[in-house]
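What follows is the residue order along each chain.
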Amino acid sequence: MEPHGGVTPQTITSILAYRAAGDPTAPYLCTDDTVLSFGEVDDQAEALAASLANLGLGPGDRIALVLPAWPEFAVSVFAAARIGALVVPVDPRLRLPELRYALRHSGAACAISAENAHGIDFLQIFEDFLVELPALSHLVTVGEEDLWYDDRIFQWEDLISAGVGRDFAAPAASPGDPFAILYTSGTSGKPRGVELTHANLLHAANETSRAIDLAPGDVVAGVGALHHVFGLAPGLLGTAMSGASLVLRDDADAADALRATRRHGATVLNGVPTDFANLLRDLQGEGGPPPALRLCLSSGAPMNDDLARRIEEGFGVPLVIAYSLTEAASTLAMSRPGDPVRKRHFTVGRPVGGTEVRVRERDGTTLPRESVGEIAVRGPGVMRGYYRQPLETAAATDPDGYLRTGDLGLVDEDGYLHLVGRREDVVIRRGFKVHPREVEDRIMAHPAVDRAAVVGVPDDILGEAICACVVRVEGGVVTEPEIQAWSAATLAGYKVPDLVSFMKELPLTDTGTVRRRELSRRLSATPPHARAASRQATIQD
């Protein structure tokens, strides 16, 4: 792999070491309160690694990171790499059963956790976990609380201080060694631990940075979920590989995010489509687009062309879209700033370097260009497998090493990849296949619609009826017949929604993706006559 910017790291440890040696004072992590240089992050990672090794942690041990997008998350990642451990980044907003599952399934020996975040008392939670989970032998807490005495619980600052100047065994890592276990959001079933190697993560980080020409002097803002694969690989690791700076934000609202972007002189703004929609609403009130900005990058969820157009008009810079998948260590395809506007708005670009994409029929037959089928991918970013789930791993890959993504798409004549939807999201209405994305794009073009999701619900006559779940814009007025008429103007009759359910909000994952199965369950649990009555009621709300 020839990394971007002349850096040739083979492992995650070597990235930080290279930057700290070459320009230790260059800014790396920016928050509202402080700016940490590459040298400062390197020093803290070295000290934490020494203390973790002194606790008996080492090669192969799993360290759970239950932290928001704080500098301590980044330091922990690099410290774990130095002792040969694996990180298990966990969303701190997970419900208690999901958090317990991730810790138990991964066999985490240590957790580094916020004491309090998002209104959650993690100290109380982990007091119980230390009893319930026998593999969990150490807890490191980040915060200001005075802790009760327990020889398994340590405060962050104490470990940093104790590790300064202390020697420890630093095993030589290999690029093929596993480094991270990331749990999928569970939108299509139980969470699965995606095991990724150093090489997987560095490939995705490098190729994403290369595609947008990230370099020293760039400042990347909008990365708010470091526990997510895009935040970890292109976000945290990609900026380090390129010598760029990363603005960390934790639950900032749109106005706060814009102020931070402007204050730090951000040149690249990342986000999911929902983030950008919120930012656009506050853009003019916050003085317009940040003056240093040169690029917007969207990932995590499909982008409709109307929002893409508004982003470019509002921020005055090109928008590129990345197709990110946890099982592929994040980016497997993306558009580039120099691509034609229509390709940037209507596609997810071309595969990144070293990555092969095929579109296949259900039986595995490779389809010609311009044909819709399941996207399969092979390349350096594809996961090692699902942790402790060999059968699931075998079901997700084929003998040639291609990962079955479950996404439907096509490759056009110019080699650009178009996403159509998820295979399991296809609605079969009276024998006709309907792809939700096409219907959603039409509905969301209506001026009174803010968001829309289309799902299938059981129907005795149709097999599946098409239900459009619609969130109106604030103050917007639109009825079910109007949505149906609007859809019928450009869509075939069998694609027009049979039902329209107006909602205040859609259930979303942490990356802004709609939880379609949850919507389907909600609607399917409602008897048809009740759905009809509800539709009449919601028209009046």
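Residue numbering note: each chain is counted from 1, following its sequence as written. The predicted origin of the model limits local features to residues at a pLDDT of at least 70 and limits the giving and counting of side-chain atom pairs to 80 or more, whereas totals for whole chains, interfaces and linings rest on all residues. Think of the side-chain values as coming from all heavy atoms in the structure, minus any hydrogens and water.

Participant: Before we go on, may I ask you to explain the overall build of the protein chain in this structure?
Facilitator: The way it works is that DSSP assigns letters per residue, a run of H or I at least four long becomes a helix, a run of E at least two long becomes a strand, and they are numbered from the N terminus. What the protein chain contains, in helices and strands, is 17 helices and 28 strands. When we talk radius of gyration, it's over C-alpha atoms, and the globule rule is simply 2.2 Å times the number of residues to the 0.38. In terms of overall size, the protein chain behaves like a compact globule, its C-alpha atoms giving a radius of gyration of 24 Å where 541 residues would be expected to give roughly 24 Å. Among the 541 residues that make up the protein chain, the fraction classed as buried is 57%. Throughout, a contact is declared for two residues whenever any of their heavy atoms are within 4.5 Å. Put simply, of all contacts in the protein chain between residues at least 6 apart along the chain, 68% involve residues at least 24 apart. Here the protein chain displays about 22100 Å² of accessible surface, and carbon together with sulfur accounts for 50% of that area. Only four residue types enter the charge count, namely Lys and Arg as positive and Asp and Glu as negative; His and the chain termini do not. Note on charges: their place is set at NZ of Lys, CZ of Arg, CG of Asp or CD of Glu. For the protein chain, the distance from the average position of its 51 positive side-chain charges to the average position of its 72 negative side-chain charges is 8 Å. Any residue under 20% of the maximum accessible area for its type is buried, any over 50% is exposed, and the rest in between are partly exposed; the area is computed with a 1.4 Å probe on protein chains only. Per-residue accessibility takes into account occlusion by the displayed protein chains alone, with areas from the Shrake-Rupley method and a 1.4 Å probe.

Participant: Please clarify how the side chain of R336 should be interpreted in this entry.
Facilitator: Take R336: it is sitting in the loop between β17 (330–334) and α12 (341–346). No salt bridge is formed by the buried R336. Its closest oppositely charged neighbour is D339, at 5.6 Å. Only 2.5 Å separates the side chain of R336 from the backbone oxygen of M334, close enough to count as a polar contact. In protein, a polar contact requires one atom able to donate a hydrogen and another able to accept it; more generally it is a pair of N or O atoms within 3.5 Å, and residues adjacent in sequence count only if both atoms are side-chain atoms. A distance of 3.0 Å separates a polar side-chain atom of R336 from the backbone oxygen of R350. Once you skip the residues sitting within four places of it in the chain, R336 turns out to touch A211, V320, R344, R350, P351 and V352. Only one rule defines a salt bridge in this text: a Lys or Arg side-chain nitrogen within 4 Å of an Asp or Glu carboxyl oxygen.

Participant: Sorry, what's going on with the pattern of salt bridges here?
Facilitator: Tallied over the entire structure, the rule returns 26 salt bridges. Here R259 ties to D256 by a salt bridge, and the two come within 2.4 Å at their closest N and O atoms. Pair noted here: R259 and D256 are both in helix α9 (residues 254–263), with a separation of 3 residues, about one helical turn. For R259, a relative accessible area of 38% gives the class partly exposed. Linking R522 and E518 is a salt bridge whose minimum nitrogen-to-oxygen distance equals 2.9 Å. One end of the pair is R522 and the other is E518, both in helix α16 (residues 516–524) and 4 residues apart, which spans about a single turn. On the basis of relative accessible area, R522 is assigned to the partly exposed category, the value being 41%.

Participant: How do you make sense of the sheet that holds strand β28 (residues 499–502) when you look at a structure like this?
Facilitator: By way of backbone hydrogen bonds, the strands of a sheet pair with one another, either parallel or antiparallel. Read from one edge to the other, the open sheet built from 3 strands follows the order β26-β27-β28, with strand pairing classed as mixed. One side of each edge strand has no neighbouring strand; the edge strands of this open sheet are β26 (449–459) and β28. Neighbouring strand axes in the sheet, compared pairwise and without regard to direction, differ in orientation by 25° on average. Examined bridge by bridge, β26 and strand β27 (residues 463–472) share 10 bridges and lie antiparallel to one another. When DSSP finds two or more bridges between a pair of strands, those strands are recorded as paired. Here, axes are lines fitted to C-alpha atoms. For helices the fit covers the stretch in contact, and angles between N-to-C directions go from 0 to 180 degrees.

Participant: I'm lost on the nonpolar core in this one. Help?
Facilitator: Soluble, globular proteins show a tendency: their nonpolar side chains are buried together. Core analysis: the biggest nonpolar cluster contains 139 residues, and I63, I112, L201, L236 and F315 have the highest contact counts within it. Filtering out sequence-adjacent residues up to four positions away, I63 remains in contact with L52, L57, A80, I83, A85, L86, V87, V88, C110 and I112. Nonpolar core, defined: a set of buried Ala, Val, Leu, Ile, Met, Phe, Trp, Tyr and Cys residues in which side-chain atoms within 4.5 Å join the residues together. Among the nonpolar cores identified, the runner-up in size contains 17 residues, and A448, V470, V478 and I483 belong to it.

Participant: Hey, could you run me through helix α10 (residues 273–282) in this one?
Facilitator: Spacing of three or four residues puts side chains on the same side of an α-helix, whose turn is 3.6 residues. Within α10, the full set of buried residues consists of P273, F276, A277, L279 and L280. Looking straight down α10, one finds that the buried residues subtend no more than 165° of arc, so they occupy a single side. On its buried side, α10 packs onto α9, β14 (268–271), β15 (295–298) and α11 (305–315). Note that the arc is defined by the directions from the helix axis to the C-beta atoms.

Participant: Help me out: how do you make sense of helix α3 (residues 71–82) in this one?
Facilitator: With 12 residues, α3 extends 17 Å between its outermost C-alpha atoms, agreeing within 8% with the 16 Å of an ideal straight helix rising 1.5 Å per residue. The element α3 is extensively covered by neighbouring structure, given that 12 of its 12 residues are classed as buried. A positive phi of about 80° marks G84, the residue just after α3. Expected span of a helix, by definition, is 1.5 Å for each gap between consecutive residues, and there is one gap fewer than residues.

Participant: Can you walk me through the packing of helix α1 (residues 12–22) against helix α8 (residues 229–242) in this structure?
Facilitator: Angle between the axes and distance between the axes are the two parameters that describe a pair of packed helices. Packing of α1 against α8 leaves a shortest axis separation of 9 Å and a crossing angle of 40°. By the criterion of interaxial angle, the relationship of α1 to α8 is oblique. Regarding α1 and α8, the two cross each other, and that crossing is left-handed. Here I12, I15 and R19 of α1 lie close against α8, whose contacting residues are L237, A240, M241 and S242. When residue character is reported, Ala, Val, Leu, Ile, Met, Phe, Trp, Tyr, Cys and Pro are called nonpolar, Asp, Glu, Lys and Arg charged, and the others, Gly included, polar. Class assignment for the residues of the contact of α1 with α8 results in 5 nonpolar, 1 polar and 1 charged. We call two directions roughly parallel when the angle between them is under 35 degrees, roughly antiparallel when it is over 145, roughly perpendicular when it lies between 65 and 115, and oblique otherwise. Crossing handedness: left-handed means the near helix sits turned counterclockwise from the far one by under a right angle, and right-handed means the same turn made clockwise.

Participant: Sorry if this is basic, but what is going on with the packing of aromatic side chains here?
Facilitator: Aromatic ring pairs are reported here in terms of the distance separating the ring centres and the angle at which the planes meet. We call Phe, Tyr and Trp rings a pair once their centres come within 6.5 Å, taking the six-membered ring for Trp, and we label the pair stacked below 30 degrees between planes, edge-to-face above 60, and tilted otherwise. As enumerated under the stated definition, the model contains 4 aromatic pairs in all. Here Y101 and Y183 contribute two aromatic rings whose centre-to-centre distance is 6.3 Å and whose plane-to-plane angle is 85°, an arrangement assigned as edge-to-face. Placement of the pair is Y101 in helix α4 (residues 96–106) and Y183 in strand β10 (residues 178–183), with a sequence separation of 82 residues. On the basis of relative accessibility, which here comes to 31%, the residue Y101 falls in the partly exposed class. Arranged with centres 6.3 Å apart and planes meeting at 85°, the rings of F276 and F315 form a pair that is edge-to-face. Taken together, the residues span a long stretch of sequence, with F276 in helix α10 and F315 in helix α11 at a distance of 39 residues. Taken as a pair, F276 and F315 share a single burial class, namely buried. To sit over a ring, a charge needs its Lys NZ or Arg CZ within 6 Å of the ring centre and within 35 degrees of the ring normal. One cation-aromatic arrangement involves R360 over Y402; the distance from NZ or CZ to the ring centre is 4.7 Å.

Participant: Just to check I follow, could you spell out the environment of Y416 for this structure?
Facilitator: Counting through the fold element by element, Y416 comes out in the loop between β22 (403–411) and β23 (417–422). Measuring from C-alpha to C-alpha, the distance between Y416 and A26 comes to 37 Å, with 390 residues separating the pair along the chain. With residues up to four places along the chain from it excluded, the contact list for Y416 reads D339, P340, K343, T347, G349, R350, L410 and V411. Of note is the side chain of Y416, whose polar atom sits 3.0 Å from the side chain of D339.

Participant: What's the story with a negative patch on the surface in this structure? I'm lost.
Facilitator: Like charges within 9 Å and nonpolar side chains (Val, Leu, Ile, Met, Phe, Trp, Tyr) within 5 Å are joined into patches, using only residues over 30% in relative accessible area that form no salt bridge. A contiguous patch of negative charge, built from D121, E144, E145, E157 and D158, is present on the exposed surface. If you trace the backbone, D121 turns up in strand β7 (residues 120–121).

Participant: Looking at this structure, I do not really get the state of the cysteines. What am I missing?
Facilitator: A covalent bond between the sulfur atoms of two cysteines is referred to as a disulfide. We call a pair of cysteine sulfur atoms a disulfide whenever their separation is within 2.5 Å. A complete count under the given rule lists 0 disulfides for this structure. Looking at the unpaired C296, the closest cysteine sulfur is the one in C30, lying at 18 Å. You can call C296 buried: its relative accessible area is 0%. Of all cysteine sulfurs in the structure, the one in C469 sits closest to C467, which takes part in no disulfide; the separation is 4.3 Å.

Distances and angles like these do not, on their own, reveal function.
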